[in-house]
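# Observations on the three-dimensional arrangement
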2 protein chains.
Amino acid sequence: MTDAVVRSTTPASSTRTPAGGAPEAPHTAAQAAEARIDLRAVNDLLLGTWADTRRDAREMIKDSAFWRIDGQTVAEHRERVLSQLHLLVDNGAAARAYPAEYGGIDNNGANIAGFEELVLADPSLQIKAGVQWGLFGAAIQQLGTKKHHDRWLADVASLALPGAFAMTETGHGSDVAAIGTTATYDADTEEFVIHTPFRGAWKDYLGNAALHGRAATVFAQLITGGVNYGVHCFFVPIRDEEGQFLSGIGGEDDGVKGGLNGIDNGRLHFDQVRVPRENLLNRYGDVAADGSYSSEISSPGRRFFTMLGALVQGRISLDGAATTASALGLKIAVTYANQRRQFDSGAGTPEVMLLDYGKHQRRLMPRLATVYAQAFAHDEFLQKFDGVFSGRTDTSEEREDLETLAAALKPLSTWNALDTLQECREACGGAGFLAENRLVGLRSDLDVYVTFEGDNNVLLQLVGKRLLADFARQFKGKDTAALARYAVGQTAGKVFHGAGLRRLGQSVADLGSTARSVELGLREDQQHELLADRVQQMVADVAGRLRPAGKLAPAEAAALFNENQADLIEAARAHGELLQWEAFTDAIHRINDDGTLQVLTWLRDLFGLSVIEKHLAWYLLHGRLSTQRAGAVSRYIGRLSSRLRPHAQDLVDAWGFEPEHVRAPIASGAEQARQDEARAYVEALVASGDAPVSEKSLSKK
Amino acid sequence: MTDAVVRSTTPASSTRTPAGGAPEAPHTAAQAAEARIDLRAVNDLLLGTWADTRRDAREMIKDSAFWRIDGQTVAEHRERVLSQLHLLVDNGAAARAYPAEYGGIDNNGANIAGFEELVLADPSLQIKAGVQWGLFGAAIQQLGTKKHHDRWLADVASLALPGAFAMTETGHGSDVAAIGTTATYDADTEEFVIHTPFRGAWKDYLGNAALHGRAATVFAQLITGGVNYGVHCFFVPIRDEEGQFLSGIGGEDDGVKGGLNGIDNGRLHFDQVRVPRENLLNRYGDVAADGSYSSEISSPGRRFFTMLGALVQGRISLDGAATTASALGLKIAVTYANQRRQFDSGAGTPEVMLLDYGKHQRRLMPRLATVYAQAFAHDEFLQKFDGVFSGRTDTSEEREDLETLAAALKPLSTWNALDTLQECREACGGAGFLAENRLVGLRSDLDVYVTFEGDNNVLLQLVGKRLLADFARQFKGKDTAALARYAVGQTAGKVFHGAGLRRLGQSVADLGSTARSVELGLREDQQHELLADRVQQMVADVAGRLRPAGKLAPAEAAALFNENQADLIEAARAHGELLQWEAFTDAIHRINDDGTLQVLTWLRDLFGLSVIEKHLAWYLLHGRLSTQRAGAVSRYIGRLSSRLRPHAQDLVDAWGFEPEHVRAPIASGAEQARQDEARAYVEALVASGDAPVSEKSLSKK
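Let us look at the structure shown here. Everything numeric here is computed off the predicted structure, so don't read it as measured data. (Residues numbered from 1 in each chain as written. Chains lettered and ligands numbered in written order. Predicted model: local features only at pLDDT ≥ 70, side-chain atom pairs only at ≥ 80, totals over all residues. Heavy atoms only, no water.)

### Overview of the overall build of chain A
On a plain count of helices and strands, chain A comes out with 25 helices and 12 strands. Across the 701 residues in chain A, those meeting the buried criterion constitute 63%. A separation of at least 24 residues holds for 75% of the contacts in chain A among residues at least 6 apart in sequence. Of the roughly 24100 Å² of accessible surface on chain A, a fraction of 51% belongs to carbon and sulfur atoms. (Helix = DSSP H or I, 4+ residues; strand = E, 2+ residues; numbered from the N terminus. Buried < 20%, exposed > 50% of the residue type's maximum accessible area, 1.4 Å probe, protein only. Contact = heavy atoms within 4.5 Å. Areas by Shrake-Rupley, 256 points an atom, 1.4 Å probe, with all protein chains shown as cover.)

Printed below as a string of structure tokens:
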């Protein structure tokens, strides 16, 4: 299947130079007489560390049984996706993260990588698989102990035991610590009593809850001996073999959603439901038969975050899937824009190809650059995850860094997916609105990615708080002068990017490929400086404004924080953008081929400058860019967009999507065939001498 | 039903001051001890000139038969919407624009106003009604003559004759002049032969084409005597009484779409289909029996644009419907944010209400301000339309202005609807993703508004070209010095806003209500200056860069234009934003009540400053704002957002939506009931003495 990446999808007929009139802009690297990227090498880079697993997953989902069928009813779609989950089991593509004894291959990175590719088939399949093996199963695996693994994990892996992950409640989503469900220990019977005390404490939005789940991993306040030990997770059977709720359990269907309708989301509630003491998933906290509580983590706060952190993989997979879906959207829109023509330029040439319009380039090329940045950042992220979860680098510092990375990258890539898929849909006009061309369906399905597994704004606020904490730690006991020196940024790499990727060596400034931007003062090391300084300055600014908080009453301190909330979130976003830029740059430094290096350096520059342009007012206000250099940013973006235009098809083809992954008729070559047919018709009519003359030509006589 | 606007939807229980701990920010104007807006007066302002018709329409659609049912199949939804169109006829709510003799009331403004409100029931209903009466019927009314009206208009009005508007082709959307369908006159039989010469010329995306249409108004190149007279419109029967295609006609269903699935969009093609000569809708061009062509408009270009301009009402209604849908989204999200609580502030108070978060205010309040601006701009727009189409002000200059207004406002409001509905959906978290809460459905349906009836970017480019033409006309024969004086902006009001709304009198600077922003140098007249100068400068800049084009070869001139395309579109967007701001300001000047004036002035300031903030880099780069004033913009937006926070519920309630229009359970008070129940539970538990103690309190012992 790797042949896919070297097969251009642009038909030969589109590469001709128009006969007569002015030449069009080059549409391909060949026409531009430029070195082109090495498609296979770029495909390897994009697919990253677990490329083989990704290729296996893509090969598997070429089977149409995995594809979404537009227009199915919710009930039909749910049944189809359930059957697809069984197909995953049959194909050995489920639960790769589990130990071999329970049907897995004990490979955390490969598990996520393979799972992410399912988004190409149907995002509902990706997410329902994630609910079963990545949430319900992972809760048993990560929060439970061997007795739980032995009892349930093989059945989870084989789908003999479908389950729901019952964390979120109607009344509490992002604030998991405040959920209302209780699990009260009864020492007399050695049971926990799971109970829903009020309507707001119903578990809600749970995949597998409306229909298919037989059990649930239920998060509840653990109460024993009159003490609340905080949120813990319990294995609770919910339905019998016939699919009927067990005694004391009730629920509702969440009904139609804005997307992901192949998943049976629903609500659950518990009326004094008793489960054996052993059903507490007790890796991080346990209750003895007599009701005494014990935990190896004494701090209730740290215990809570450790338990939640064990489930970070959901956020990771959303970052990857959002990136892959965005790339697919761009593959469709760029391919169409390279075939579709509209409006005569007035220069006597054929109608203009969409991608030759300056505005169209401006719409698609920077987004293409962003998706590349995301892919490279995601692979480093996934490596870090695999290191921690394999045990190789499992330290509490690494775990904390991993969570911060997840909280920084997932918001950016999931929001960007919505933005990119929407721009692609609009760039394809009415054709983009047809379900068959996939853009609207992908966007609808990915909509909820921005608020589930952590609301994006809440996640960014977590990142912001981490940045503030790192900032404060750096200056503990130091004076204002140290703070000022800090702002100069010499130590920033370590402080801010401990959670992230590495700081650039200075040697890169010598690379010939960046020379063309030197004149603009916007080459690689300057991009890095601009992006990194912004994070530092924003954090320092917020920290400075929050400094009085320590001396204020709690309510006033809270009000002060609230005033700075939006800025803190912006600082976190800037941090995430810097991480993406650094990952893109690191990836470039691994390239040996000159043509690839040149083109991807342009693309990285386009990403960096687009981020800088987005925040241009900030750079001007803070004196980081002169008006002259700032004015150059937008002009340079325009030039980079048109410089990259001949490489656009290569850059989307390098993702290696095959027709069975793309499936959109407008990206199939059908548009090129229509253009060719129309042009041939007109040419034949002119040749026949029967063509009507125009009214204008008549009036000139 | 006007009672709706004086009934607050916020339950009384949410207005209490929390017991103990720090006070929360005021949630209502009453709590803030501030003058509140006069809800009824603001409702009158928002509903505008045709408020009575809007209220009638809203009363009608309180009948659940008009409501969208989530989860219906495409086939069921299509049948339901067709039946709703019959209900509109039964209610006398169809085709108000038609003369009384054909079943209308000859009222163009009321027709559009009433029609726009249907978006509250189901956008598919709004658009299918628009296809039938506003496109298919309007083509007959506006492009045909009395014989056509007599023959078909009554049947169109009564829905006895459902029809499609066959303009767009698979190969040509925005570029209507280049469509491929031909209508060749055969003098021997006195017939036109309608023909589709190649696949790209199939008519596509046509509502009523897949199933229900019995006829179509088909746009085709009119050819007679070997001359192509350009695009004209023809009445062509397409199906028999049994719904079967007539001979020579074929088609396809467009299938599932990203939204609006209550409409049967489809494709049509014609194989030498003959229609009588009289079926040419001949208001602007006719063919005599002998084949000779005549038109009262000699310029082919002007004739084409006159015909298209006769159909401007589609764009107008999209502007209005997008505004109403955005307001509904904000009604839902603000109401929820005023009841929902999440996270403890750490100040010992109850959990924080969402709308008390600084970030949440920043997300919702500027968008609320924008929707107000849109509503006021839309009413002035609708008045201009009514003037032209009633004949009262029907001059070619007014028609041109009307088209420019439509091309400026429709893109802004339709894009803003997608942005606002998405932000509202995210602000409601997982609940926002449920179809029952309406936000996802509205967004999906409105998605296509940004590319149909004129692609938004193409429309803005038209506005840009008009601005350039006005600019050039101003300086015809004048020297560079005149151009420089122009840039100072003294004459700009007339030049740029001839198409729009009026320039402010200077007297407004004296209004006490704007005094609070004087200190910041950002009061009303300065906002206006900043917004207006930007339009002028951007147009002047693009004009300056395009000036060499006259001396270039066509291809080079086209390339030069292409380089400036993105900037020209930005200039057009700035023009539209200025028009909205001026309309908002004009509306404020009609207010007599002090409280209303104060609050709406804050809201207008928030709109103006949000626009300026969006383009802050431009203002800094062009020396229009010092870094000091620029820095004040964002801070002032934050202050205005929190200053308006107690008025948020009033400002969304003032739209007058009743429960039958809102329908979203999360905005019904259910969330407040859940909050109250949970709080009562906790309070009772504490009072009982049985509440578990926290682990933390334990460790302190």
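### Details of the nonpolar core
Counting 367 residues, the largest nonpolar core has A:Tyr372 and B:Tyr372 as its most contacted members. Not counting chain neighbours up to four residues away, the residues in contact with B:Tyr372 comprise B:Val42, B:Leu46, B:Phe584, B:Leu600, B:Leu603, B:Leu651, B:Ala654 and B:Trp655. (Core = buried A, V, L, I, M, F, W, Y, C linked by side-chain atoms within 4.5 Å.)

### Quick word on the relation of the copies chain A and chain B
At an RMSD of 0.1 Å, chain A and chain B line up after a rotation of 180° and a shift of 0.0 Å along the axis. Read as a symmetry element, the transformation amounts to a two-fold axis. Taking C-alpha positions as reference, the residue of chain A nearest the rotation axis is A:Ala617, located at 2.0 Å. Interface residue correspondence from chain A to chain B reaches 100%, placing this contact among same-surface, isologous pairings. (Least-squares fit on C-alpha atoms with pLDDT ≥ 70 in both.)

### Some words on the interface of chain A and chain B
Of the residues lining the interface, 93 residues belong to chain A; the matching set on chain B comes to 93 residues. With both chains or domains summed, chain A and chain B bury close to 7400 Å², and 60% of this area falls on carbon and sulfur atoms. Contact with chain B buries area across many residues of chain A, yet A:Lys359, A:Phe433 and A:Glu695 alone supply 10% of it, more than any other trio. Applying the counting criterion to the chain A and chain B interface returns 6 salt bridges. (Buried area = accessible area lost by both parts, 1.4 Å probe. Salt bridge = Lys/Arg side-chain N within 4 Å of Asp/Glu carboxyl O.)

### Remarks on the sheet that holds strand β4 (residues 203-206) of chain B
What links the strands of a sheet is backbone hydrogen bonding, and the strands pair in either a parallel or an antiparallel sense. Residue and element names in this part refer to chain B. On the basis of which strands lie adjacent, the open sheet formed by 3 strands has the order β4-β8-β7 and antiparallel pairing. Each having just a single partner strand, β4 and β7 (249-253) make up the two edges of the open sheet. Taken over all neighbouring pairs, the strand axes of this sheet differ in orientation by 20° on average, direction set aside. Sheet topology places β7 next to strand β8 (residues 266-270); 5 bridges connect them, and they run antiparallel. Note that in β8 the partner of Gly 250 across the bridge is His 269. (Pairing = 2+ DSSP bridges. Axes fitted to C-alpha atoms, helices over the stretch in contact; angles between N-to-C directions.)

### Structural notes on the sheet that holds strand β4 (residues 203-206) of chain A
Residues and elements named next belong to chain A. What the 3 strands build is an open sheet, ordered β4-β8-β7; its pairing is antiparallel. Edge positions in the open sheet fall to β4 and β7 (249-253), since each of these has one partner strand only. Ignoring strand direction, the axes of neighbouring strands in this sheet form an average angle of 20°. In the sheet, β4 pairs with strand β8 (residues 266-270) via 2 bridges, with the strands oriented antiparallel. Considered in β8, the bridge of Leu 206 is made with Gly 266.

### Side note on the side chain of A:Thr182
Within the fold, A:Thr182 resides in strand β2 (residues 182-186). When neighbours within four sequence positions are excluded, A:Thr182 is seen to be in contact with A:Val193, A:Ile194, A:His195, A:Ala220, A:Gln221 and A:Ile223.

### Thoughts on unusual backbone geometry
For A:Phe343, which is not glycine, the phi torsion reads 75° and is therefore positive. Here A:Phe343 is to be found in the loop between α8 (313-337) and α9 (358-390). Among the residues examined, A:Phe343 registers a relative accessible area of 27% and is labelled partly exposed. At B:Tyr205, a position not held by glycine, the phi torsion is positive, near 65°. Following the sequence through the fold, B:Tyr205 ends up in strand β4. Classification of B:Tyr205 as partly exposed rests on a relative accessible area of 24%.

### Here we look at the pattern of salt bridges
For the coordinates displayed, the defined rule picks out 92 salt bridges over all chains. Residue A:Arg367 pairs with A:Glu423 through a salt bridge whose shortest N-O separation is 3.4 Å. Highlighted residues: A:Arg367 in helix α9 and A:Glu423 in helix α10 (residues 396-427), separated in sequence by 56 residues. The two residues A:Arg367 and A:Glu423 agree in class, both being buried. The closest approach of N and O atoms between B:Arg267 and B:Asp204, which form a salt bridge, is 3.0 Å. Of this pair, B:Arg267 sits in strand β8 while B:Asp204 sits in strand β4, and the two are 63 residues apart along the sequence.

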